[in-house]
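Working through the structure, step by step
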Amino acid sequence: MGRHGGMVDEKPWTFLTNHARVLIVIARNPHSRLRDIADTIGITERAAQTIVNDLEGAEYITRTKVGRRNHYSVDPTRPFRHPADADHRVEGLLTLFSDHDDDKNSADEPDAPAVTE
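So, a few notes on the structure that sits alongside this text. (Residues numbered from 1 in each chain as written. Predicted model: local features only at pLDDT ≥ 70, side-chain atom pairs only at ≥ 80, totals over all residues. Heavy atoms only, no water.)

1. Here we look at the layout of surface pockets
Taking a probe equal in size to a water molecule and rolling it over the atoms shows the remaining empty space. Rules: Put plainly, a pocket is an open set of points on a 1 Å grid over the protein atoms alone with protein on both sides within 12 Å along at least five of seven lines, a cavity is a set where a 1.4 Å probe fits but cannot get out, and a lining residue has an atom within 4 Å of a point. Grid points are joined across faces, edges and corners, and a volume is the space filled by probe spheres set on the points. In this text, helices come from DSSP runs of H or I with a minimum length of four residues, and strands from runs of E with a minimum of two, each type numbered from the N-terminal end. Side-chain classes follow a simple rule in which Ala, Val, Leu, Ile, Met, Phe, Trp, Tyr, Cys and Pro form the nonpolar group, Asp, Glu, Lys and Arg form the charged group, and the remainder, Gly included, forms the polar group.
Considered as a void within the structure, the largest pocket measures approximately 370 Å³ in volume. For the lining of the largest pocket, the elements supplying multiple residues, two or more each, are α1 (18–28), α3 (45–57) and α4 (90–105). In terms of residue count, the dominant contributor to the lining of the largest pocket is α1 (three residues). Classifying every residue of the lining of the largest pocket gives eleven nonpolar, three polar and three charged.

2. A word on the pattern of salt bridges
The line we're drawing: Here, a salt bridge means any side-chain nitrogen of Lys or Arg that lies within 4 Å of a carboxyl oxygen of Asp or Glu. Throughout, exposure labels follow a simple rule: accessible area from a 1.4 Å probe, protein chains only, divided by the maximum for the residue type, with under 20% read as buried, over 50% as exposed, and the rest as partly exposed.
What the rule picks out here adds up to three salt bridges. The shortest N-O distance in the salt bridge between Arg-33 and Asp-36 comes to 3.0 Å. Using a relative accessible area of 35% as the deciding quantity, one classes Arg-33 as partly exposed. Residue classification places Asp-36 among the partly exposed residues on the basis of a relative accessible area of 29%.

3. What about the packing of α1 against α3?
To characterise two packed helices, one gives the angle between the axes of the helices and the distance between these axes. The following threshold applies: Lines fitted to the C-alpha atoms define the axes, with helices restricted to the stretch that makes contact. Angles between their N-to-C directions range from 0 to 180 degrees. Convention used here: angles under 35 degrees read as roughly parallel, angles over 145 as roughly antiparallel, angles from 65 to 115 as roughly perpendicular, and any remaining angle as oblique. Note on definitions: a residue-residue contact is assigned when non-hydrogen atoms from the two residues lie within 4.5 Å.
Between α1 and α3, the shortest axis-to-axis distance is 10 Å and the interhelical angle comes to 80°. Classified by the angle their axes make, α1 and α3 are roughly perpendicular. Where α1 approaches α3, its residues Asn-18, His-19, Val-22, Leu-23 and Ile-26 are matched on the opposing element by Ile-51, Val-52, Asp-54 and Leu-55. In the contact of α1 with α3, the residues fall into six nonpolar, two polar and one charged.

Below, the structure written as structure tokens:
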């Protein structure tokens, strides 16, 4: 394939970091287990735990113990961390990916991501 046509002998890279992916998975399913988060993203459970700790420490998510399980809530008002993007809230990212999923599942009524303020 050509220059813009595909990944032929190119270094693999993506636009989203694993931190963004974990945040999106948690917003979609606040009752996710670390194992499920890791499997969804394709990382180790230990890496998922580190990222969840990072997100919690930076107040992007709140973890609440419900019985033996964790329940997560996302603060959509938090800004992106990079100074060039700090004037944007993560809510836009979550909405973008929630809308994308809804388009695949139901083109009629898009739902907001599972976030709490």
